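For reference, the chains in residue letters:
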Amino acid sequence: MTLANLRTLLKNDYAVPAFNAYNSETIQAIIQAGEETQSPLIIQASESALEYAGLEEFAAYALKAISKTKIPVGLHLDHGKNLETVKKCFKNGFSSIMLDGSSKPFEENVKISLQAKKAAPGLPIELEIGALAGKEDYVEEKEAKYTSPEDALRFYKLTKPDALAVSIGNSHGWSEKKLKLNFQLLKEINEEIPAPLVLHGSSGVSDEQIKKAVKLGIRKINMDTQLRKSFTLALKKSLNENPDINPRTHLTKAREAMKKTCIDRIKVCGSNGKAKTQGKK
Ligand code: G3H
Ligand code: 13P
Ligand code: ZN
């Protein structure tokens, strides 16, 4: 299967899961989960993950794996901040990018977002308006910088993203499902914005809330922390229980655990069984 396009991937009444990867095992876990559930999906990597794995090497491995599977899979840059990274992703065959200027003032966010579109001409782009709390920054719901529907519309008109990430009570890096989404706000944003909406930081959001958010217009759901947790806990358990010094023995267990979490998340997104009909709506 050739790479799936973000624009068609998000044109449905369910959400496509976007899983973060950083090495061969995580790419394999994600694709195997998609194959077992017949789900379209997105493999995404952050700038720090690409630095860890090597951008060119990561892209080559992911693109080869994607070319061999029959399910639709996109390859996406997550939270791109540097235009140089955007250019490199464009050059190395990514099917979409995110430019995250959400921590900047409105005008600067618009400026860098437009620069990113120029740096990757024609490539589908996800942008963000309204900043999420940082990983080390576990703030209360009332302190989060929520997306304002008016700003979102103004931002949309100026930048025309293919997908828009919003801040509605979601926050990165939570391993317990304790976050509380503001559904009234999501509804208002969805009524204003023609682009599909993206939910970041979904590891800390309960399944019920994720399902409700999908009904209210969320079409891409980003997941990382939960996958890391299952991978690392399985790795720890295996290392504790088995003295084998072959890393593959333990990494196999970690990969399997992460695959199971991906399968579970795919079902919550409602994308299971949609691989064949993807893009046919
Ligand atoms: O949303 C952020 C992702 O969890 C990426 O985190 O920069 O540690 O890879 P990372
Ligand atoms: P979590 O780590 O909270 O799942 O968020 C992932 C994310 O938003 C990646 O962009
Ligand atoms: Zn994110």
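For the structure, check the block above.
Residues numbered from 1 in each chain as written. Chains lettered and ligands numbered in written order. Predicted model: local features only at pLDDT ≥ 70, side-chain atom pairs only at ≥ 80, totals over all residues. Heavy atoms only, no water.

Q: How would you summarise the pattern of salt bridges if you had to cite specific residues and measurements?
A: One pass over the full model with this rule turns up 14 salt bridges. Among the ionic pairs, D207 bridges to K177, the shortest N-O distance being 3.5 Å. Here D207, found in helix α9 (residues 207-215), pairs with K177, found in the loop between β6 (163-166) and α8 (183-192); they are 30 residues apart in sequence, far enough to count as distant. On the accessibility criterion, K177 (33% relative accessible area) is partly exposed. Salt bridges here are not isolated pairs; linked through shared partners, they connect K177, D207, D264 and R265. (Salt bridge = Lys/Arg side-chain N within 4 Å of Asp/Glu carboxyl O. Helix = DSSP H or I, 4+ residues; strand = E, 2+ residues; numbered from the N terminus. Buried < 20%, exposed > 50% of the residue type's maximum accessible area, 1.4 Å probe, protein only.)

Q: Would you mind going over the side chain of K259 in detail, with residue names and values included?
A: With respect to the helices and strands, the residue K259 is situated in helix α11 (residues 247-269). Polar side-chain contacts of K259 include one of 3.2 Å to the side chain of E256. In this view, K259 contacts A29, Q32, A33 and E36; residues no more than four positions away in its chain are not counted. (Polar contact = N/O pair within 3.5 Å; in protein donor to acceptor, adjacent residues only side chain to side chain. Contact = heavy atoms within 4.5 Å.)

Q: Before we move on, can you summarise the coordination of the zinc ion (ligand 3) with the specific residues and values?
A: In an ideal tetrahedron of four donors about a metal, each angle is 109.5 degrees. In an ideal octahedron of six donors, the angles are 90 or 180 degrees. Distances from the zinc ion (ligand 3) to its protein donors, H79 (NE2), H172 (NE2) and H200 (ND1), fall at 2.0 to 2.1 Å. Exposure remark for H79: the relative accessible area of 15% places this residue in the buried category. (Donors = N, O, S within 2.8 Å, 3.2 Å for Na, K, Ca; no water.)

So, to be careful, I would describe these as geometric facts and stop short of saying anything about function.
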